[in-house]
Amino acid sequence: MFVNDFRKEFYDIIVNQRVLLLVASDVDALCACKVLQALFQCDHVQYTLVPVASWQELETLFLEHKEQPQEETVFFICDTHRPIDVVNVYNDSQIKLLIKQDDDLEIPSYDDIFRDDDEEDGDDSGNDSDGSEPSGKRRRFDEGAVERRIEKRRQRREWEARRREIIFDYEQYEYHGTSAAMMMFELAWIMSKDSNDMLWWAVIGLTDQWVQDRITQMKYVTDVGTLQRHVSRHNHRNEDEENSLSIDCMRIAFEYDVRLSLYQHWSLFESICNSCYTTSSLKLWSVQGQKRLQEFLADMGMPLKQVKQKFNSMDISLKENLREMIEESANKFGMKDIRVQTFSVQFGFKNRFLASDIVFAVISLLENTEKDEHGTDNFIMALDSLSRSNLAKLHLGLDLAKKLLRAIQQIVASCICTNLILSQGPFLYCYLMEGTPDVKMFSKPVSLCLLCKYLLKSFVCSTKNKRCKLLPLVLAAPLDVEKGTVIMVGIPPEVEGSDRKNFFGRAFEKAAESTSSRTLHNQFDMSIIELRTEDRSKFLDALISLLS
């Protein structure tokens, strides 16, 4: 059941309860959690925070922490994953959905998918005759009852076939709706309890959706516009106040920046060489691409000494005009979309971050494979890094993000140069062998999805085959060598103006079912699965057959 009034039907109800807060290992979810935590702190709400990384964990941890009989538990769900389970939509007692209803939900009507069968076979009592009626009359009566029963069963089969078709059409594509952090910020705003910190978390939640290609460009621009109005409201200051900023103040700004990952915390050269947009556009894995990079830097009039040193150490005169210089030269080299709408934040005098910087840092902390196999420590570290009082943790995240982006680009270059991306007919396929440098980093879902996205963009830029440019990509990487499992993800084609809808979740389910492949569909994103290594070839054959 949808919650229409978040304040009355959600917050006013839980404010006097003890709350179990289950949070997914996802940047947007962490940001929504931070907003809720701030509200709970304002109103002294007691809560238990539990991180969950999979469906199995969700069930196990709920059973561990629930304190009341199950039939009395009410679940409030704030989720960006679409489609929404129809049972949750039409459950009006236990399930309450905190979801923006002006998103394109296309939910089937109740009568098309639920049916009351109280009257089924209700008038067949004439069969229980004691033999006192004439046999001819009884036979005619029996024949009429049988015909009615057959007709009812035929109608039911037709209804069930139509229901299956409706459910399939509704559930066949996976996509994402409005950011959870934005939804929680809207609640805070409605209650006049919103702050600049909460607004910044909403910005990061939205930026996470953009970084991961979870929403369309149109949806991103629309939601940026919504947040921009709040940024103006919270951050308007005159020049006198500007000059007297305190050391612990916070200032958010809307701006146009360039698609260069972490460039303000790296060298410009490293950023260009490890950002998806520039590496794929310039084809930096090739000798010709490296030559184009040198020409691009020369066109900007940037001395190599300046380009290769830390951004903070560059000449102020170059830094002041940097974005304009990059944009102007990028246009000449075919990178016409290098400019992007985004937000930045300034903490005190020194610390300035772009929203995408924070997203990469938090992803890298969440999925850090250097330690902690269970993820709880990673979750706490990532959550803490979102507070401006924990800048040391954020800077650690930025260092890990640089390692991740370097590893992604090295694997992308290796896969393209050694022709590891193969056309399987209806889709492209790439398998990372055990022993690939830094392959352990990509045993985690978000890192694997980022690699898959960067790999497809780069392949589309490198191939001359027009048909291959329109294909989706399936990427597999080792998960647990001892158990003999791989992690696999499928993403939609890299087509301009794409609706970002992903059909691989359902396709993976059907391929596994038809071949009895040992798969685990445990991630909240259906397009990410675990698979036994020895079942990989028969699973792929079934997937090819299914999608052909």
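Not measured: the values here are computed from a predicted model. (Residues numbered from 1 in each chain as written. Predicted model: local features only at pLDDT ≥ 70, side-chain atom pairs only at ≥ 80, totals over all residues. Heavy atoms only, no water.)

Draft legend 1. Inspection of empty space enclosed by the protein at higher detail. Tallied over the entire structure, the rule returns two cavities of 30 Å³ or more. Considered as a void within the structure, the largest cavity measures approximately 40 Å³ in volume. Around the largest cavity, the lining residues are Trp200, Phe347, Ile358, Ser385, Leu386, Ser387, Arg388, Leu391 and Leu394. For the lining of the largest cavity, the residue count by class is six nonpolar, two polar and one charged. Estimated volume of the second largest cavity: approximately 30 Å³. (1 Å grid on protein atoms, 1.4 Å probe; cavity = no way out; pocket = protein on both sides within 12 Å on 5 of 7 lines; lining within 4 Å. Points joined across faces, edges and corners; volume = space filled by probe spheres on them. Nonpolar A, V, L, I, M, F, W, Y, C, P; charged D, E, K, R; others polar.)

Draft legend 2. Structural context of the pairing of strand 11 (residues 428-431). On strand 11, burial covers both faces: Leu428 and Cys430 on one face and Tyr429 and Tyr431 on the other are all buried. The pairing of strand 10 (residues 422-423) with strand 11 spans two bridges and is classified as antiparallel. Bridging from a neighbouring strand, Leu422 pairs with Tyr429 of strand 11. Hairpin connection from strand 10 to strand 11: four residues lie between these consecutive antiparallel strands, with Gly425 at a positive phi of about 100°. With four bridges connecting them, strand 11 and strand 12 (residues 473-480) associate as parallel partners. Across the sheet, the residue bridging to Tyr429 is Val474, located in strand 12. Crossover handedness for the path strand 11 to helix 20 (residues 445-462) to strand 12: right-handed. (Buried < 20%, exposed > 50% of the residue type's maximum accessible area, 1.4 Å probe, protein only. Helix = DSSP H or I, 4+ residues; strand = E, 2+ residues; numbered from the N terminus. Pairing = 2+ DSSP bridges. Right-handed = clockwise from strand over helix to strand, strands pointing away.)

Draft legend 3. Layout of the packing of aromatic side chains. Under the definition given, this model contains 18 aromatic pairs. Between Phe296 and Phe333, the ring centres sit 5.6 Å apart and the planes meet at 75°, which makes this aromatic pair edge-to-face. Taken together, the positions of Phe296 in helix 13 (residues 287-300) and Phe333 in the loop between helix 16 (322-332) and strand 8 (339-347) put the pair 37 residues apart, joining distant regions of the chain. On the accessibility criterion, Phe296 (1% relative accessible area) is buried. Residue Phe333 is classed as buried on the basis of its relative accessible area of 16%. Of the aromatic side chains, those joined through ring pairs into one cluster are Phe427, Phe503, Phe504, Phe508 and Phe539. Here the guanidinium or amino end of Arg339 rests over the ring plane of Tyr256, the centre of that ring lying 4.1 Å away. Over the ring of Tyr175 we find Lys501, and its NZ or CZ is 4.6 Å from the ring centre. (Phe/Tyr/Trp six-rings, centres within 6.5 Å; stacked < 30°, edge-to-face > 60°. Lys NZ or Arg CZ within 6 Å of the ring centre and 35° of its normal.)

Draft legend 4. The layout of surface pockets, seen in detail. Within this model, the second largest pocket holds a volume of roughly 1,300 Å³. Arg259, Tyr277, Asp337, Lys457 and Glu494 are the residues nearest the centre of the second largest pocket, which is lined by 44 residues in total. Breaking the lining of the second largest pocket down by element, the ones donating at least two residues are helix 8 (196-211), helix 9 (217-234), strand 7 (250-258), helix 12 (276-282), strand 8, helix 17 (355-366) and helix 20. Tallied by class, residues from the lining of the second largest pocket come to 18 nonpolar, twelve polar and 14 charged.

Draft legend 5. Representation of the sheet that holds strand 14 (residues 519-520) within the structure. Pairing in this open sheet of six strands is mixed, and the strands run 10-11-12-13-15-14 from one edge to the other. Taken across any chain shown, the strands that pair with only one partner, and hence form the sheet edges, are strand 10 and strand 14. As paired strands, strand 12 and strand 13 (residues 485-491) are joined by seven bridges and run antiparallel to one another. Pairing of Leu473 across the sheet is with Ile491, part of strand 13. Against the sheet, helix 21 (residues 504-515) engages strand 12, strand 13, strand 14 and strand 15 (528-532), with an angle of about 135° to strand 13. (Contact = heavy atoms within 4.5 Å. Axes fitted to C-alpha atoms, helices over the stretch in contact; angles between N-to-C directions.)

Draft legend 6. The sheet that holds strand 9 (residues 351-354), seen in detail. Strand order in the open sheet formed by three strands is 7-8-9, and the pairing between neighbours is antiparallel. Two strands bound the open sheet, and with one partner strand each, they are strand 7 and strand 9. The sheet shows a mean angle of 25° between the axes of neighbouring strands, direction not considered. Pairing of strand 7 with strand 8, which is carried by nine bridges, proceeds in the antiparallel orientation. Bridging across to strand 8, Phe254 finds its partner in Phe343. Against the sheet, helix 19 (residues 391-417) engages strand 8 and strand 9, with an angle of about 45° to strand 9.

Draft legend 7. Quick look at the confidence of the model for the chain. Predicted confidence across the chain gives a mean pLDDT of 90, with 92% of residues reaching 70 or more. The model gives residues 118-131 a pLDDT under 50, and that stretch makes 17 contacts with residues more than four places away or in other chains. Confidence over residues 239-244 falls short of pLDDT 50; this stretch has one contact with residues more than four positions distant or in other chains. (pLDDT = per-residue confidence, 0-100.)

Draft legend 8. Quick peek at the packing of helix 7 (residues 180-190) against helix 8. One way to put it is that helix 7 packs onto helix 8 with a least axis distance of 8 Å and a crossing angle of 155°. Classified by the angle their axes make, helix 7 and helix 8 are roughly antiparallel. Handedness of the helix 7/helix 8 crossing: left-handed. Along the contact surface, helix 7 presents Ala181, Met182, Phe185 and Ala188, while helix 8 presents Met198, Leu199, Trp201, Ala202, Gly205 and Leu206. Here the contact of helix 7 with helix 8 is built from residues that sort into nine nonpolar, one polar and no charged. (Parallel < 35°, antiparallel > 145°, perpendicular 65-115°, else oblique. Left-handed = near helix turned anticlockwise from the far one by under 90°.)

Draft legend 9. Molecular detail of the side chain of Gln409. Summarising the element assignment, Gln409 is placed in helix 19. In this structure the side chain of Gln409 is engaged in a polar contact, spanning 3.4 Å, whose partner is the side chain of Thr279. Apart from the residues lying within four places of it in its own chain, the contact partners of Gln409 are Cys273, Asn274, Ser275, Cys276, Thr279 and Tyr454. (Polar contact = N/O pair within 3.5 Å; in protein donor to acceptor, adjacent residues only side chain to side chain.)

Draft legend 10. Seen up close, unusual backbone geometry. With omega at 5°, the peptide bond leading from Arg82 into Pro83 counts as cis. In the Ramachandran plot, Asn419 falls in the positive-phi region, its phi being about 55° despite a non-glycine side chain. Relative to the elements of secondary structure, Asn419 occurs in the loop between helix 19 and strand 10. Of note in the backbone geometry, Asp438 takes a positive phi value of approximately 60° without being a glycine. What makes Asp438 partly exposed here is its relative accessible area of 39%.

Draft legend 11. Up close: the packing of helix 2 (residues 27-42) against helix 18 (residues 376-385). Between helix 2 and helix 18, the least distance of the axes is 10 Å, while the angle of their chain directions is 65°. Two packed elements cross with a definite hand, and for helix 2 against helix 18 that hand is right-handed. Of helix 18, the residues touching helix 2 (which contributes Leu30, Cys33, Lys34 and Gln37) are Phe379, Ala382 and Leu383. For the contact of helix 2 with helix 18, the class distribution of residues is five nonpolar, one polar and one charged.

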